[in-house]
Amino acid sequence: MVGDIQKASMLKRISAFILDLIAIAIIATLFSYLISLISGFDSWNQRLEEAYSTYENQYGITFRISAEEYKANGEEYMAQYDAAYDALLADEEAMKAYGVVSQLMVLTLSLSLFFAFLIWEFIIPLFLHDGTTVGKKIFGLCVMRTNCVKINGVSLFIRAILGKYTIETMIPAYLIMMVFMGSIGIVAPIVVCGILVFQLILLFSTKKNQLIHCILSDTCVVDYASQMIYENEEALLEAMKNEGKERAQRDPYY
């Protein structure tokens, strides 16, 4: 029947997701390495580490400890730690290195993941002409618009860049980075877990097993072998008309 959705099996979707995730991680790592070389990240990070080491040795403390460890070491240690931290903050060169390193970390993460998603989730599927990543292709899956029409470039871009890269990847990644840098507290893990839970709710509650990027782009993942996908809306309307004529011929009361 025209418009029927042949949903992809969950096992195949998970397998394709894992394969695509590995590929994206490899591409992002390569771009991260190139960006680090171009930006001089290692030299700035070395300056920062040297500043840390200088004040740690001078005051007999370690900067990278948890709040619990900080309190457990006693008042004398806490006073030494605070003095070392104040000295570090007063060191203009150290603070400059810290600022540059922080900015480069965010820039490197953002650009490396952006290029990885752009290549693997947009450019390659665009050339394959069916919105399918290599992982989905291997496991016999494809992506189409929810009306059974072939996905176009705009929908594919929204799906890959706005949905997968921006909302589902960069927001959680940025929040996690802020946690490690000590710039944000308990809110970040709550937001990340909230996004994950919301994704699972969407996956199992929507009729087409859609995720955030699917809903934003009005697309769904289907079984390639059994799904009928129309080239455009005109072809879909023509198929609906033909189906109506066939039904009328079989049943005069239709």
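Along each chain, the written sequence defines residue order, and numbers are assigned to residues from 1. Per-residue local features are limited, in this predicted model, to residues with pLDDT of at least 70; the limit for side-chain atom pairs, both in listing and counting, is 80 or more; totals at the level of whole chains, interfaces and linings are taken over all residues. To get the side-chain values, all heavy atoms of the structure are used, and hydrogens and water are removed first.

**Quick notes on the overall build of the protein**
Now for step 1: The helix and strand inventory of the protein stands at 10 helices and two strands.
Now for step 2: The helix and strand labels rest on DSSP assignments: H or I over at least four residues marks a helix, E over at least two residues marks a strand, and numbering proceeds from the N terminus. If you list the helices and strands of the protein from N to C, you get α-α-α-α-α-α-β-α-α-α-β-α.
Now for step 3: What you see for the protein is a C-alpha radius of gyration of 26 Å, clearly larger than the 18 Å of a compact globule of 254 residues, by over 25%.
Now for step 4: C-alpha extents for the protein along the principal axes are approximately 95 × 35 × 25 Å.
Now for step 5: Out of the 254 residues belonging to the protein, those deemed buried represent 37%.
Now for step 6: We call two residues contacting when some pair of their heavy atoms lies within 4.5 Å. Taking contacts inside the protein between residues at least 6 apart in sequence as the whole, the part at least 24 apart equals 71%. Atoms considered for the radius of gyration are the C-alpha atoms alone. The globule rule reads 2.2 Å times the number of residues to the power 0.38. Classification of residues uses two cut-offs on accessible area relative to the type maximum, computed with a 1.4 Å probe and protein chains only: under 20% is buried, over 50% is exposed, and between them is partly exposed.

**Focus: the pattern of salt bridges**
Now for step 1: When a carboxyl oxygen of Asp or Glu is within 4 Å of a side-chain nitrogen of Lys or Arg, the pair counts as a salt bridge. The final tally for this structure, using the stated rule, is five salt bridges.
Now for step 2: Among the ionic pairs, E49 bridges to R64, the shortest N-O distance being 2.7 Å. Here R64 lies in the loop between α2 (41–59) and α3 (67–72) and E49 lies in helix α2, a separation of 15 residues in the sequence.
Now for step 3: A salt bridge links K150 to E231; the shortest N-O distance between them is 3.5 Å. Of the two residues, K150 is situated in the loop between β1 (141–145) and α7 (153–180) and E231 in the loop between β2 (219–223) and α10 (233–250); the sequence distance between them amounts to 81 residues.
Now for step 4: What makes E231 exposed here is its relative accessible area of 52%.

**Notes on the nonpolar core**
Side chains of nonpolar character tend, in soluble globular proteins, to be buried together.
Now for step 1: One finds L113 and Y165 to be the most contacted residues of the largest nonpolar core, which totals 21 residues.
Now for step 2: Going through the elements one at a time, α1 (10–39), α5 (92–128), β1 and α7 are the ones with two or more residues in this core.
Now for step 3: For L113, the contacting residues outside a window of four places in its chain are A28, Y165, T169 and M170.
Now for step 4: Think of a nonpolar core as a cluster: buried Ala, Val, Leu, Ile, Met, Phe, Trp, Tyr and Cys residues, connected wherever their side-chain atoms sit within 4.5 Å. F41, A87, A94 and L104 belong to the second largest nonpolar core, which has 18 residues in total.

**Description of the packing of α1 against α5**
Now for step 1: One way to put it is that α1 packs onto α5 with a least axis distance of 8 Å and a crossing angle of 135 degrees. The angle between α1 and α5 falls in the class oblique. In the crossing of α1 with α5, the sense of the turn from one axis to the other is right-handed. Every residue of α5 that contacts α1 at D20, A23, I24, I27, A28, F31, S32, I35, S36 and S39 is listed here: L104, T108, L111, S112, L113, F115, A116, F117, I119, W120 and E121. For helices, the axis comes from a line fit to the C-alpha atoms of the stretch in contact; other axes are also lines fit to C-alpha atoms, and the angle between any two N-to-C directions lies between 0 and 180 degrees. With respect to orientation, any angle under 35 degrees is reported as roughly parallel, any angle over 145 as roughly antiparallel, any angle of 65 to 115 as roughly perpendicular, and every other angle as oblique. Each crossing gets its hand from how the near helix is turned against the far one by less than a right angle, where anticlockwise is left-handed and clockwise is right-handed.

**A few points about the environment of Q58**
Now for step 1: Looking at the element boundaries, Q58 is found in helix α2.
Now for step 2: Residue Q58 is classed as exposed on the basis of its relative accessible area of 52%.

**A short note on the pairing of β1**
Now for step 1: Along β1, five of the five residues are buried, which leaves the element largely enclosed by surrounding structure.
Now for step 2: The two faces of β1 match: L141, V143 and R145 on one face and C142 and M144 on the other face are all buried.

**Brief notes about a nonpolar patch on the surface**
Now for step 1: The patch calculation keeps residues exceeding 30% relative accessible area without a salt bridge and links them within 9 Å when they carry like charges or within 5 Å when they are nonpolar (Val, Leu, Ile, Met, Phe, Trp, Tyr). We get accessible surface area from the Shrake-Rupley algorithm with a probe of 1.4 Å; when it comes to residues, only the shown protein chains can shield them. Among the surface-exposed residues, I14, F17, I18, L21, I22, I26 and L30 lie close enough to one another that they form a single nonpolar patch of about 690 Å² accessible area.
Now for step 2: Tracing the chain through its elements places I18 in helix α1.
Now for step 3: The class for I18 is partly exposed, based on a relative accessible area of 45%.

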